[in-house]
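Descriptive analysis of the structure
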Amino acid sequence: MITTNRQRLRAIIRKEFIHLRRDPPSLVMVFIMPVLMLLLFGYAVNTDVNHIPLAVFDQDRSQASRLLVASLVNTGYFDLAFQAGSEAELKSLLDSGRVQAGLVIPAGYARNLKRQETATAQLLVDGSDPLVARTALSMAEIVARTRSQELRLAVLDREGLAPPPGPAIDLRARAWYNPGLESLKFNIPGLIGLIMQNITMMLTAFALVRERERGTLEQLMVTPIRGPELMLGKLIPYIVVAFIDMGLALGIGTLWFKVPIAGSPLLLLGLTVLFLVFALGLGMFFSTIARTQLQAMQMTMLFILPSVLLSGFIFPRASMPRPIQYLGNLLPLTYFLEILRGIMLKGIGINYLWKDVWALAGFGTGIIALAALRFRKQVE
């Protein structure tokens, strides 16, 4: 039977509490992070789809057409974001991702309703996110059915006769970019972006820490190698490895999972370099802060979780509260997913991706500068 000495046990417990008190990062992890994570992700983790940005091309410009738009907006699932002046402008808004649904109301819509004929309209939905697309399509069907019933009852009350059979409004819905609304086509580009971020960040996050733990960093410091040379020498091999990984991921995604690249593969690979530079620079920055590989791992995990939940990888960003969307804008993965899904699913070019390109270039430049500054101080 094992016996314990209470005095020695109390001394060990007291020592551990002292260690915790003297280790602020651990105290943050234990007490503050759970509260912050719960408050943050409690708003972000939301599978309810609403506030879908809607553009309207109204060629009829009548009270009846405005009532149809109001019926969609009043559901709470659509937000009227743009009044398009042409079908080309409507298509451009959908291609760029500024809206996720577009309503086309042809001329003669109100005239057909007045004649008790079927009035047609068309709803175009961005099918690259099947969850959003299914919600938009189902709500459009409900609105069209409800409006048709209201119009039929109005005719019955006014004339005392049953209106002609058939719906008064025929709202024809069509999903673009992913007509079959296959979740795989939405998930694979997102997985490629997330995997590339995690792999490259972890590779470099351990670079300096491993040197420091083995005692070889001090040996490098006494050599003629300067800080920038040492940093570039460590980054370039990982850039090559990450680029090969990207090629493998794209190959598996297109050949095995049958997710085609509708746009330019060369453009996709070129813009991927911007994201890889950021991810590698962030890992290098973490490695200049962490003292052990465990600390480096904890830092990468703290960054990965918000990236998964706030970037649009799983949950629609349009359904998140505005402050949470702003936080998502601080994550480079948000912009890289727009690039991946835009090129792979929509087939769009650089003219629609400038905002994402400039954001990735800014993040990459900033994190590389911070990592180089800390790295130079450590080497000097």
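Below you will find a few notes about this structure. (Residues numbered from 1 in each chain as written. Predicted model: local features only at pLDDT ≥ 70, side-chain atom pairs only at ≥ 80, totals over all residues. Heavy atoms only, no water.)

Notes on the overall build of the protein
Counting its secondary structure elements, the protein contains 15 helices and five strands. The contacts of the protein with a sequence gap of at least 6 include a subset with a gap of at least 24, amounting to 78%. (Helix = DSSP H or I, 4+ residues; strand = E, 2+ residues; numbered from the N terminus. Contact = heavy atoms within 4.5 Å.)

So, the packing of aromatic side chains
Here the structure, examined in full by the defined rule, presents seven aromatic pairs. Summarising the aromatic geometry, the rings of Phe275 and Phe336 are spaced 4.2 Å apart at their centres and angled 10° between planes, so their arrangement reads as stacked. Of the two residues, Phe275 sits in helix 11 (residues 265-289) while Phe336 sits in helix 14 (residues 332-346), which places them 61 residues apart along the sequence. Its relative accessible area of 0% is what places Phe336 among the buried residues. On the basis of an interplanar angle of 40° and a centroid distance of 6.1 Å, the ring pair of Tyr335 and Phe363 is categorised as tilted. Of the two residues, Tyr335 sits in helix 14 while Phe363 sits in helix 15 (residues 354-379), which places them 28 residues apart along the sequence. The class for Tyr335 is buried, based on a relative accessible area of 11%. When its relative accessible area of 24% is taken as the criterion, Phe363 is described as partly exposed. Linked through ring pairs, Phe278, Phe303, Tyr335 and Phe363 together constitute an aromatic cluster. (Phe/Tyr/Trp six-rings, centres within 6.5 Å; stacked < 30°, edge-to-face > 60°. Buried < 20%, exposed > 50% of the residue type's maximum accessible area, 1.4 Å probe, protein only.)

Comments concerning the pattern of salt bridges
Side chains bearing opposite charge may pair, as long as their charged atoms lie close to each other. By the definition in use, this model includes six salt bridges. Across the pair Asp95 and Lys91 runs a salt bridge, and its minimum N-O distance is 2.8 Å. Of this pair, Asp95 and Lys91 both sit in helix 4 (residues 87-96), four residues apart, roughly one helical turn. Its relative accessible area of 5% is what places Asp95 among the buried residues. Judged by relative accessible area, Lys91 falls into the partly exposed class, the value being 40%. Notably, a salt bridge pairs Glu141 with Arg145, separated by 3.4 Å at the nearest N-O pair. Pair noted here: Glu141 and Arg145 are both in helix 6 (residues 130-159), with a separation of four residues, about one helical turn. (Salt bridge = Lys/Arg side-chain N within 4 Å of Asp/Glu carboxyl O.)

Some details on the sheet that holds strand 2 (residues 78-83)
Sheet architecture is open: five strands sit in the order 2-1-3-4-5, paired in mixed fashion. Only two strands of the sheet have a single partner each, and these edge strands are strand 2 and strand 5 (169-176). Each strand axis lies, on average, 25° off the axis of its neighbour in the sheet, ignoring direction. When strand 1 (residues 52-58) meets strand 3 (residues 101-105), the two strands line up parallel, connected through five bridges. Directly across from Leu54, in strand 3, lies its bridge partner Ala101. Of the strands in this sheet, strand 1, strand 2, strand 3 and strand 4 (119-126) are in contact with helix 3 (residues 63-74), which crosses strand 3 at around 160°. Along the sheet, helix 4 contacts strand 1, strand 2, strand 3, strand 4 and strand 5; its crossing angle with strand 3, the most-contacted strand, is approximately 165°. (Pairing = 2+ DSSP bridges. Axes fitted to C-alpha atoms, helices over the stretch in contact; angles between N-to-C directions.)

Structural notes on the environment of Asp126
Here Asp126 lies in strand 4. In this structure the C-alpha to C-alpha distance between Asp126 and Trp176, which are 50 residues apart in sequence, comes to 5.3 Å. Setting aside anything within four residues of it in sequence, one finds Asp126 in contact with Leu94, Gln100, Ala133, Trp176, Tyr177 and Lys346. Side chain to side chain, Asp126 and Lys346 meet in a polar contact 3.1 Å long. (Polar contact = N/O pair within 3.5 Å; in protein donor to acceptor, adjacent residues only side chain to side chain.)

Overview of the side chain of Asn112
Position of Asn112 relative to the elements: it lies in helix 5 (residues 109-114). Relative accessible area serves as the criterion here: at 17%, Asn112 is assigned to the buried category. For Asn112, the residues in contact, after removing those within four places along its chain, are Glu117, Thr118 and Ala119.

Digging into the packing of helix 8 (residues 207-214) against helix 11
Packed helices, taken two at a time, are described by the angle their axes make and the gap between the axes. For the pair helix 8 and helix 11, interaxial distance at closest approach is 7 Å and the crossing angle is 30°. In terms of orientation, helix 8 and helix 11 fall into the roughly parallel class. Judged by residue contacts, Leu208, Val209 and Arg212 of helix 8 engage Met284, Ser287 and Thr288 from helix 11. Looking at the contact of helix 8 with helix 11 residue by residue, the class counts come to three nonpolar, two polar and one charged. (Parallel < 35°, antiparallel > 145°, perpendicular 65-115°, else oblique. Nonpolar A, V, L, I, M, F, W, Y, C, P; charged D, E, K, R; others polar.)

Here's the deal with the side chain of Ser128
Relative to the elements of secondary structure, Ser128 occurs in the loop between strand 4 and helix 6. For Ser128, a relative accessible area of 9% corresponds to the buried category. Side chain to side chain, Ser128 and Asp126 meet in a polar contact 2.6 Å long. If sequence neighbours within four positions are ignored, Ser128 has contacts with Trp176, Asn178, Phe186, Leu345 and Lys346.

Regarding the pairing of strand 4
When you tally the buried positions in strand 4, you get six out of eight residues, the bulk of the element. Relative to strand 5, strand 4 runs parallel, the two sharing eight bridges. In the strand pairing of strand 5, Leu124 is matched with Arg174.

Some details on the layout of surface pockets
Computed from the structure, the largest pocket encloses a volume of approximately 1100 Å³. What lines the largest pocket is a set of 38 residues, among which Gly97, Gln100, Arg317, Ala318 and Glu338 lie closest to the centre. When contributions to the lining of the largest pocket are tallied by element, the ones reaching two or more residues are helix 4, helix 13 (322-328), helix 14 and helix 15. Tallying contributions element by element places helix 14 first for the lining of the largest pocket, with seven residues. Broken down by class, the residue content of the lining of the largest pocket amounts to 14 nonpolar, 12 polar and 12 charged. (1 Å grid on protein atoms, 1.4 Å probe; cavity = no way out; pocket = protein on both sides within 12 Å on 5 of 7 lines; lining within 4 Å. Points joined across faces, edges and corners; volume = space filled by probe spheres on them.)

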